[in-house]
Amino acid sequence: MSQSGLLSFAKKCALYAGEIIREGFNRVKKVDFKGIGDPVTEFDRRSEELIVGAIRKEYPGHDILGEEATDINTGYGIRWIIDPLDGTVNFTHSIPLIAISIAVEVEGKIKAGVIYNPILNDMYEASAGNGAFHNGQPIRVSGISDPEKALVITGFPYKRDRVDEIMKPMKTFVEKYEAFRRLGSAAIDMAYIACGMGEVFYEEGLKPWDTAAGSLIVTESGGIVSDYYGGEYSPENSTILAANPLIYSNALEIMKKVPKP
Ligand code: IPD
Ligand code: CA
Ligand code: CA
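The rules behind each value
- Residues numbered from 1 in each chain as written.
- Chains lettered and ligands numbered in written order.
- Predicted model: local features only at pLDDT ≥ 70, side-chain atom pairs only at ≥ 80, totals over all residues.
- Heavy atoms only, no water.
- Helix = DSSP H or I, 4+ residues; strand = E, 2+ residues; numbered from the N terminus.
- Expected span 1.5 Å × (residues − 1).
- Contact = heavy atoms within 4.5 Å.
- Pairing = 2+ DSSP bridges.
- Axes fitted to C-alpha atoms, helices over the stretch in contact; angles between N-to-C directions.
- Phe/Tyr/Trp six-rings, centres within 6.5 Å; stacked < 30°, edge-to-face > 60°.
- Buried < 20%, exposed > 50% of the residue type's maximum accessible area, 1.4 Å probe, protein only.
- Lys NZ or Arg CZ within 6 Å of the ring centre and 35° of its normal.
- Near = heavy atom within 4 Å.
- Polar contact = N/O pair within 3.5 Å; in protein donor to acceptor, adjacent residues only side chain to side chain.
- Areas by Shrake-Rupley, 256 points an atom, 1.4 Å probe, with all protein chains shown as cover.
- 1 Å grid on protein atoms, 1.4 Å probe; cavity = no way out; pocket = protein on both sides within 12 Å on 5 of 7 lines; lining within 4 Å.
- Sits in = over half its atoms within 2 Å of the grid points.
- Nonpolar A, V, L, I, M, F, W, Y, C, P; charged D, E, K, R; others polar.
- Domains from an automatic or database assignment.
- Salt bridge = Lys/Arg side-chain N within 4 Å of Asp/Glu carboxyl O.

Overview of helix 4 (residues 163-176)
- Between its first and last C-alpha, helix 4 extends 20 Å over 14 residues, near the 20 Å set by a 1.5 Å rise per residue.
- Contact partners of the buried residues in helix 4: strand 11 (151-154), strand 12 (179-182), strand 13 (200-204) and helix 7 (248-255).

Here's what the structure looks like:
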C-alpha cells in the first residue's frame, strides 16, 4: 500500500464528502449541540458516514478515528483520522471557511493528509517527504521573520474554562505582531500557514482530527509544528503551535508562558 495510493484515496473521499457539504451550505440547517457551543448538523454526520464507508470498503481492517463517533481501534498500525466538517460554526452561519480534513497515520506517524474546502474548491495535500500542494501547485511557508510584519491565527476551544490563560498570549501577539485573526477552522488555519498567508497558528484543546492533516501539510511546506512548550507534535497533544521556521522561536517564547492545560 503506497503512500501516494493512500493520499489519492484520501483526496477522492474529501471530494465526494465535499458534495454533501456543498449541498447543505446555503440551506437553513438544523443544529444540534454535543456540548455548550459545540454544534453538529446532519451534514457533519453524513460526510463522516460517506468517508468511513469508503475507507472500510477499500481498506477493511484499517483503524479509523472520526469526530462524529467513529472509533475503530484494533491496533492495526494504519489509522485514518477524519474531521468530516471542520468549522461547523462557520458552516451554520454560511461563512465559507470550512474544510474536510483526512489524515493517514502509519505506525504512529502522519504520512498523508488532505484539507479540502468544498465551497472555495481549495485542495491542500501532502505526503511525507514529498512536499505540500494547493490545487496542484507546490506551497511554502512564508519567509517573514519580523513580528511587526507577521499575522497570527488562533482559535478558541468550546470549553470555556481557561479564558484567562487563552487571553494571555493573545494580548502579547496583539501588542507585538502585525495582525491577529480567528478564522473558525483549525484545518484552514494550518493550510493558510502552509501557504504563507499567515506566520503563526496556535490553539489549545484541539482534537486529533483538527490537526493531523494540517500538521503534515505545514511541515511539508517547510514549517515547524510542536506543542506550546517545544515538544514534538502528536495528534493527541492538547496544545499546538505551527509557524514558519524564521518566527517560530519568537512565538514559542510567548507560548511557553501559558500554564499547561
Ligand atoms: C473547531 C474548529 C475551530 C476550533 C475549535 C474546533 P469543528 O472544529 O476547528 O476553529 O477553534 O476548537 O473544535 O467543531 O468545527 O469541527
Ligand atoms: Ca474540527
Ligand atoms: Ca468537525
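Quick look at the sheet that holds strand 15 (residues 239-243)
- One open sheet accounts for 5 strands, arranged 12-11-13-15-14; its pairing is mixed. The open sheet terminates on both sides in strands that have one partner only, identified here as strand 12 and strand 14 (224-226). Within the sheet, the average angular offset between the axes of one strand and its neighbour, ignoring direction, is 15°.
- Where helix 4 meets the sheet, its contacts fall on strand 11, strand 12 and strand 13, and the angle it forms with strand 13 comes to roughly 165°.
- Docked against the sheet, helix 7 engages strand 13, strand 14 and strand 15, running at close to 155° with respect to strand 15.

Here we look at the sheet that holds strand 4 (residues 70-72)
- Reading across from one edge, 4-3-5-6-7-8-9-10 is the order of the 8 strands in this open sheet, with mixed pairing throughout. Since the sheet does not close on itself, it has two edges, and those belong to strand 4 and strand 10 (137-138), each with one partner.
- Pairing between strand 8 (residues 122-127) and strand 9 (residues 132-134): 3 bridges, direction antiparallel. Paired with Y124 across the two strands is H134, which belongs to strand 9.
- Across the sheet, helix 6 (residues 208-220) touches strand 3 (63-66), strand 5 (78-86), strand 6 (99-106), strand 7 (109-117), strand 8 and strand 9, and the angle it forms with strand 7 is around 100°.

A word on the packing of aromatic side chains
- Applying the stated rule across the entire model yields 10 aromatic pairs.
- Considering the side-chain rings of F173 and Y202, the 5.3 Å spacing of their centres and the 25° angle between planes classify their relative orientation as stacked. Highlighted residues: F173 in helix 4 and Y202 in strand 13, separated in sequence by 29 residues. Across the pair, Y202 and F173 agree in class, each one buried.
- Taken together, F173, Y177, F180, Y202, Y228 and Y229 form an aromatic cluster joined through their ring pairs.
- Directly above the ring of F25 sits K29, whose terminal nitrogen or CZ lies 5.5 Å from the centroid.

A look at the site of ligand 1
- Within the structure, ligand 1 sits among 16 residues, and D86, G87, T88, Y158 and E203 are positioned closest to it.
- Here an oxygen atom of ligand 1 and a side-chain polar atom of D83 are 3.2 Å apart.
- Backbone polar atom of A186 to an oxygen atom of ligand 1: 2.9 Å apart, as the coordinates give it.
- Across the complex, the protein chains shield 95% of the 380 Å² of accessible surface that ligand 1 would expose by itself.
- Assessed atom by atom at 2 Å from the grid points, ligand 1 resides in the largest pocket.
- Here the residues of the shell around ligand 1 sort into 5 nonpolar, 5 polar and 6 charged.
- Built from parts of two domains, the shell around ligand 1 gets at least three residues from each of domain 1 (3-138) and domain 2 (147-255).

Digging into the pattern of salt bridges
- Summed over all chains, the structure comprises 16 salt bridges.
- Measuring nitrogen to oxygen at the nearest pair gives 3.2 Å for the salt bridge that ties R27 to E23.
- Taking the relative accessible area as the measure of exposure, R27 reaches 41% and is therefore partly exposed.
- By relative accessible area, E23 is classed as partly exposed at 36%.
- Across the pair K34 and E67 runs a salt bridge, and its minimum N-O distance is 3.0 Å. Here K34 is found in strand 1 (residues 32-35), whereas its partner E67 is found in the loop between strand 3 and strand 4, with 33 residues between them in sequence.

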